[in-house]
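# Architecture and fold: a report
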Amino acid sequence: MKALVWHDRRDVRCDDVPDPTLREPTDAIVRITTTAICGSDLHLYEVLEPFMEPGDVLGHEPMGIVEEVGPEVSHVSPGDRVVVPFNIACGRCFMCDRGLYSQCETTQVREHGCGAALLGYSKLYGQVPGGQAEYLRVPQAQFGPIKVPKGPPDERFIYLADVLPTAWQAVEYASIPEGGSVTVYGLGPIGQMSARIARHRGARVIGVDIVPERLEMAGRHGIETVDANEHDDVPAMIRELTDGRGTDSVIDAVGMEAHGAPAVKAMQTLTGMLPDSVAQTLFQKAGVDRLTVLLQAIDTVRRGGTLSITGVYGGAMDPLPMLKLFDKQIQIRMGQANVKRWIDDLMPLVSGESDPLGVGDLATHHLPIEQGPHGYEIFQMKQDGAIKVLLHP
Ligand SMILES: NC(=O)c1ccc[n+]([C@@H]2O[C@H](COP(=O)([O-])OP(=O)(O)OC[C@H]3O[C@@H](n4cnc5c(N)ncnc54)[C@H](O)[C@@H]3O)[C@@H](O)[C@H]2O)c1
Ligand SMILES: [Zn+2]
Ligand SMILES: [Zn+2]
């Protein structure tokens with residue numbers, strides 16, 4: 001089959017690889033009809049290189065048709081249309097019982113001290129072959145795959161694999177008070193949907209980014225926007241819009257690759273030039289995140305407010321302004337999305353006649369899998385208006 005394979009820093013290729021087969025009684029094989037490229041894939045594309053190996057199949061936002069199931073899989077059968085969550089969870093351990101699927105104790109990657117295994121996501125998360133491919137072996141399929149109705153286009157449901165539950169959790173964790181306000185830093189797919197969900201739930205939403213078409217897209221969905229390029233002090237600007245206090249809540253939907261942190265950018269480039277073992281240690285022992293946006297988020301949230309971090313960070317010892325966090329009495333919540341925890345909330349919003357979250361207005365590119373490498377390039381470089389790239393194997 002064809003699959004997108006990681007070869008090296010910024011070198012992803014569409015290769016022929018062996019078809020996956022059932023290995024465990026809890027596996028399923030899904031023929032992929034749509035699979036997305038995510039901001040999290042961009043970390044693998046470049047910064048997280050020390051944890052990747054040539055030959056790793058990428059991708060964690062797939063959907064398609066079930067081809068085959070193992071004997072212990074009963075809630076889906078061949079022919080069903082399914083979306084596959086990016087976290088691999090058993091559905092029956094201590095963590096899963098509490099809805100903390102991204103911490104599943106059956107699939108935790110203990111070797112690296114990490115939470116639940118993820119599809120297509122580096123050694124840190126189990127090196128499980130991913131879903132940017134024609135076929136996918138789905139582990140723990142007795143729990144994971146989400147059945148969706150036949151008929152509406154894939155674009156209606158594909159974001160249930162990651163973008164929508166991640167955005168929903170970001171909004172939940174932001175604890176926006178009734179009629180309150182939230183700033184969303186980053187208007188990539190995660191920020192777009194976090195902003196739309198917060199608005200749908202009645203909040204005043206201010207979105208911040210540096211890319212014109214991303215700001216425009218947010219504007220189309222009723223979000224007030226701030227172009228960070230135009231303000232030296234974005235938090236001060238947002239305080240001006242909010243009676244001098246800042247918003248009740250802030251969502252960081254940017255993460256470790258924020259623009260505008262030259263020293264750390266140099267450090268991230270350096271890790272790319274070191275042998276993997278040295279770079280891995282540096283990553284796990286030192287601070288290598290670009291914290292520009294996180295620091296702005298801390299500055300933006302009002303005293304006593306809540307900061308919800310959904311952008312991914314990877315440094316072990318990032319320096320943080322503890323005085324400010326403590327003095328402002330800020331609550332912080334974060335983490336990988338517990339995908340299935342939020343599906344019952346989201347399904348009615350994507351499967352009805354109307355499209356309240358505007359899922360039809362997010363993908364900017366539909367490409368065949370052979371053009372996946374081009375998809376990575378334009379998404380990373382923000383070329384050709386790329387906001388969300390969907391691949392159709
Ligand atoms: N928590 C989870 O489970 C989860 C799931 C999916 C993605 N993520 C993470 O969410 C983040 C966003 O993902 P995405 O798919 O939307 O990717 P993306 O790369 O398209 O989004 C990042 C956005 O941040 C903007 N940005 C960069 N620097 C900025 C700055 N200084 N000020 C304002 N905006 C700035 C970029 O222009 C871009 O629009 C990534 O870190 C990704 O890894 C987390
Ligand atoms: Zn993703
Ligand atoms: Zn579990």
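Residues numbered from 1 in each chain as written. Chains lettered and ligands numbered in written order. Predicted model: local features only at pLDDT ≥ 70, side-chain atom pairs only at ≥ 80, totals over all residues.

## Digging into the overall build of the protein
Defined as follows: Note on conventions: DSSP H or I runs of at least 4 residues are helices, E runs of at least 2 residues are strands, and numbering of each starts at the N terminus. What the globule rule says is 2.2 Å times the number of residues to the power 0.38, and the radius of gyration is computed from C-alpha atoms. To sort residues by burial, count the other C-beta atoms lying within 10 Å of each one's C-beta; a count of 20 or more means buried, 12 or fewer means exposed, and anything in between means partly exposed. C-beta atoms are built from the backbone. Working definition of a contact: two residues with C-beta atoms, positioned from the backbone, lying within 7 Å.
Counting secondary structure elements, the protein contains 12 helices and 15 strands. Taken over C-alpha atoms, the radius of gyration comes to 20 Å for the protein, in line with the 21 Å a tight globule of 393 residues would show. Summarising its shape, the C-alpha atoms of the protein cover approximately 60 × 55 × 45 Å along the three principal directions. When the 393 residues of the protein are sorted by exposure, 52% land in the buried category. Intrachain contacts of the protein at a sequence separation of at least 6 include 72% that bridge at least 24 residues.

## Observations regarding unusual backbone geometry
A negative phi angle characterises most non-glycine residues, just as the trans form characterises most peptide bonds. Non-glycine residue Gln 140 carries a positive phi angle of around 55 degrees. Checked against the element boundaries, Gln 140 lands in the loop between strand E6 (135–138) and strand E7 (146–147). The class of Gln 140 is buried, set by 27 C-beta atoms lying within 10 Å. Of note in the backbone geometry, Gln 329 takes a positive phi value of approximately 60 degrees without being a glycine. Considering the arrangement of structural elements, one finds Gln 329 in the loop between helix H10 (322–327) and strand E13 (331–334).

## Details of the packing of helix H3 (residues 163–174) against helix H4 (residues 189–200)
Our working rule: Note on definitions: angles span 0 to 180 degrees between N-to-C directions of axes, and those axes are lines fitted to C-alpha atoms, for helices only across the stretch in contact. We call two directions roughly parallel when the angle between them is under 35 degrees, roughly antiparallel when it is over 145, roughly perpendicular when it lies between 65 and 115, and oblique otherwise. A crossing counts as left-handed when the near helix is turned anticlockwise from the far one by less than a right angle, and as right-handed when that turn is clockwise. Polarity classes work like this: nonpolar for Ala, Val, Leu, Ile, Met, Phe, Trp, Tyr, Cys and Pro, charged for Asp, Glu, Lys and Arg, and polar for all others, with Gly in that last group.
Direction vectors running N to C along H3 and H4 enclose 55 degrees, while the axes themselves pass 8 Å from each other. Considered as vectors, H3 and H4 are oriented oblique to each other. Crossing geometry of H3 relative to H4 is assigned as right-handed. Of H4, the residues touching H3 (which contributes Val 163, Leu 164, Thr 166, Ala 167, Trp 168, Ala 170 and Val 171) are Pro 189, Ile 190, Met 193, Ser 194, Ile 197 and Ala 198. Within the contact of H3 with H4, the residues separate by chemical class into 11 nonpolar, 2 polar and no charged.

## Some remarks on the domain arrangement of the protein
Heads up, the condition is: Domain extents, as shown, originate in an automatic or database domain assignment.
Split by domain assignment, the protein resolves into domain 1 (2–162 + 338–392) and domain 2 (167–334). Opposite the 24 residues of domain 1 that make contact, domain 2 presents 27 residues. Elements that contribute at least two residues to the side of domain 1 that touches domain 2 include exactly helix H1 (39–45) and helix H11 (343–351). No other element matches the 4 residues that H1 contributes to the side of domain 1 that touches domain 2. Across the side of domain 1 that touches domain 2, the residue classes tally to 12 nonpolar, 6 polar and 6 charged.

## A few points about the sheet that holds strand E12 (residues 301–309)
Here is the rule we go by: Strand pairing is assigned whenever DSSP identifies at least 2 bridges connecting the two strands.
If you trace the 6 strands from one edge of the open sheet to the other, you get E10-E9-E8-E11-E12-E13, paired in parallel fashion. Across the chains shown, the open sheet's two edge strands, defined by having one partner strand only, are strand E10 (224–227) and E13. The sheet shows a mean angle of 20 degrees between the axes of neighbouring strands, taken without regard to direction. Against the sheet, helix H9 (residues 292–300) touches strand E8 (181–185), strand E11 (247–252) and E12, its axis set at about 170 degrees to E11.

## Side note on helix H5 (residues 212–220)
Formally: Of all possible arcs, the one meant is that of the directions from the helix axis to the C-beta atoms.
Turning to H5, its buried residues number three or more, namely Arg 214, Met 217 and Ala 218. The arc that holds every buried residue of H5, seen down its axis, measures 100 degrees, which confines them to one face. Where the residues of H5 are buried, they touch H4, strand E9 (204–209) and E10. Within two residues after H5, Gly 222 carries a phi angle of roughly 80 degrees, on the positive side.

## Quick notes on the nonpolar core
One broad rule of soluble globular proteins: the nonpolar side chains tend to lie buried together. Here is the rule: Any set of buried Ala, Val, Leu, Ile, Met, Phe, Trp, Tyr and Cys residues joined through C-beta atoms within 7 Å is what this text calls a nonpolar core.
Judged by nonpolar contacts, the single largest core of 118 residues is most densely connected at Val 30 and Val 83. Contacts of Val 30, omitting those with residues within four sequence positions, involve Pro 62, Gly 64, Ile 65, Val 66, Glu 67, Val 82, Val 84, Tyr 135, Leu 136 and Val 138.

## What to know about the packing of helix H6 (residues 234–241) against H9
Any two packed helices are characterised by the angle at which their axes cross and by the distance between the axes. Packing of H6 against H9 brings their axes to within 9 Å, and their N-to-C directions diverge by 30 degrees. Between H6 and H9, the crossing angle belongs to the class labelled roughly parallel. Note on packing geometry: the crossing formed by H6 with H9 is right-handed. Where H6 abuts H9, its residues Val 234, Pro 235 and Ile 238 lie against Gln 296, Asp 299 and Thr 300. Tallied by class, residues from the contact of H6 with H9 come to 3 nonpolar, 2 polar and 1 charged.

## Remarks on the site of ligand 1
Note the cut-off: Think of it this way: take the backbone, place a C-beta atom on it, and check whether that atom is within 6 Å of the molecule or strand, in which case the residue is near it.
Looking at ligand 1, there are 33 residues lining it, with Gly 39, Ser 40, Gly 186, Gly 188 and Gly 255 nearest. Of all the secondary structure elements, the ones that give two or more residues to the shell around ligand 1 are H1, H4, E9 and H9. If one sorts the elements of the shell around ligand 1 by residue count, H1 sits on top with 4 residues. Across the shell around ligand 1, the residue classes tally to 16 nonpolar, 14 polar and 3 charged. Each of domain 1 (2–162 + 338–392) and domain 2 (167–334) contributes no fewer than three residues to the shell around ligand 1.

## Topic: the environment of Ser 175
In this structure, Ser 175 sits in the loop between H3 and E8. Along the backbone, Ser 175 and Arg 156 are 19 residues apart, and their C-alpha atoms lie at a distance of 27 Å. Discounting residues that sit within four places of it in the chain, Ser 175 has contacts with Ser 249 and Thr 306.

## Points about the pairing of strand E4 (residues 62–69)
In this sheet, E4 lies alongside strand E3 (residues 28–37) in antiparallel orientation, the contact comprising 7 bridges. Across the sheet, residue Thr 34 finds its bridge partner in E4, namely Met 63. In this structure, E4 lies alongside strand E5 (residues 81–83), joined through 3 bridges in antiparallel fashion. Across the sheet, the residue bridging to Met 63 is Val 83, located in E5.

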